[in-house]
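If you want the building blocks of each chain, they are given just below.
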Amino acid sequence: MNFKWVAMLLTTCLVYESQATDFYTQPMQRLDDAAYGELQTLAPFTGAPVLMSFFMPNCRWCEKQHVALSNLVESCTGVQPVMMGVNGNRRDLRRALKRKHNEFPAFLSSREFTQALGKKPPVPMTLIFDNQGELVFYTQGYRSQQTLTTLLKAHQVTQCL
């Protein structure tokens, strides 16, 4: 799947009850301890670059991606990683987060959002949104901290050390 295809899918398929077309307004259940089980949106993250990382239970590459994201936030100020759980139930997704000592906001991906990515979204997958909430690029598979830093700089999303 190429970038244009992902962008088109996200643009056309993220409609929630025909009212909201912006992914920031999609209500999703929280998976992290901050507000476990509550329905929330990504609205608090508007105005900042967002690295949305998709993960699933029992995914070693997802765990490695989480470590790379943890290291990335130390060198790239202002970037907000958000974990999105797919292909699993809440209990198993939450357990996967605890195993990595997750400190990022984490959500159970909404059905509409997951469907926009395809029948079975590849994980790990990372979507990068700029300050205006526009999809800048995405990656499929594991990407190291160095690779993510290079991509953030190349697309002028944020300044990294």
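Residues numbered from 1 in each chain as written. Predicted model: local features only at pLDDT ≥ 70, side-chain atom pairs only at ≥ 80, totals over all residues. Heavy atoms only, no water.

Draft legend 1. View of the packing of helix 2 (residues 60-75) against helix 5 (residues 145-154). In the contact formed by helix 2 and helix 5, the axes pass within 8 Å of each other and the chain directions differ by 50°. Classified by the angle between their axes, helix 2 and helix 5 sit oblique to one another. Viewed along their axes, helix 2 and helix 5 form a crossing whose handedness is right-handed. Facing Gln 65, Ala 68, Leu 69, Asn 71, Leu 72 and Ser 75 of helix 2, the residues of helix 5 in contact are Gln 145, Leu 148, Thr 149 and Leu 152. Per-class residue counts for the contact of helix 2 with helix 5 are 5 nonpolar, 5 polar and no charged. (Axes fitted to C-alpha atoms, helices over the stretch in contact; angles between N-to-C directions. Helix = DSSP H or I, 4+ residues; strand = E, 2+ residues; numbered from the N terminus. Parallel < 35°, antiparallel > 145°, perpendicular 65-115°, else oblique. Left-handed = near helix turned anticlockwise from the far one by under 90°. Contact = heavy atoms within 4.5 Å. Nonpolar A, V, L, I, M, F, W, Y, C, P; charged D, E, K, R; others polar.)

Draft legend 2. Structural view of helix 2. With 16 residues, helix 2 extends 24 Å between its outermost C-alpha atoms, agreeing within 8% with the 22 Å of an ideal straight helix rising 1.5 Å per residue. Burial in helix 2 covers these residues: Cys 62, Glu 63, Gln 65, His 66, Ala 68, Leu 69, Leu 72 and Ser 75. Check the buried side of helix 2 and you find it contacts strand 3 (50-55), strand 4 (80-85), helix 3 (90-99), strand 6 (125-129) and helix 5. (Expected span 1.5 Å × (residues − 1). Buried < 20%, exposed > 50% of the residue type's maximum accessible area, 1.4 Å probe, protein only.)

Draft legend 3. Spotlight on the side chain of Ser 53. Residue placement: Ser 53 occurs in strand 3. Here Ser 53 is in contact with Gln 65, Leu 69, Val 82, Met 83, Met 84, Met 125 and Thr 126, once residues within four sequence places are set aside.

Draft legend 4. Structural detail: the pairing of strand 7 (residues 135-140). When you tally the buried positions in strand 7, you get 5 out of 6 residues, the bulk of the element. As paired strands, strand 6 and strand 7 are joined by 5 bridges and run antiparallel to one another. From the neighbouring strand, Met 125 faces strand 7, where its bridge partner is Gln 140. (Pairing = 2+ DSSP bridges.)

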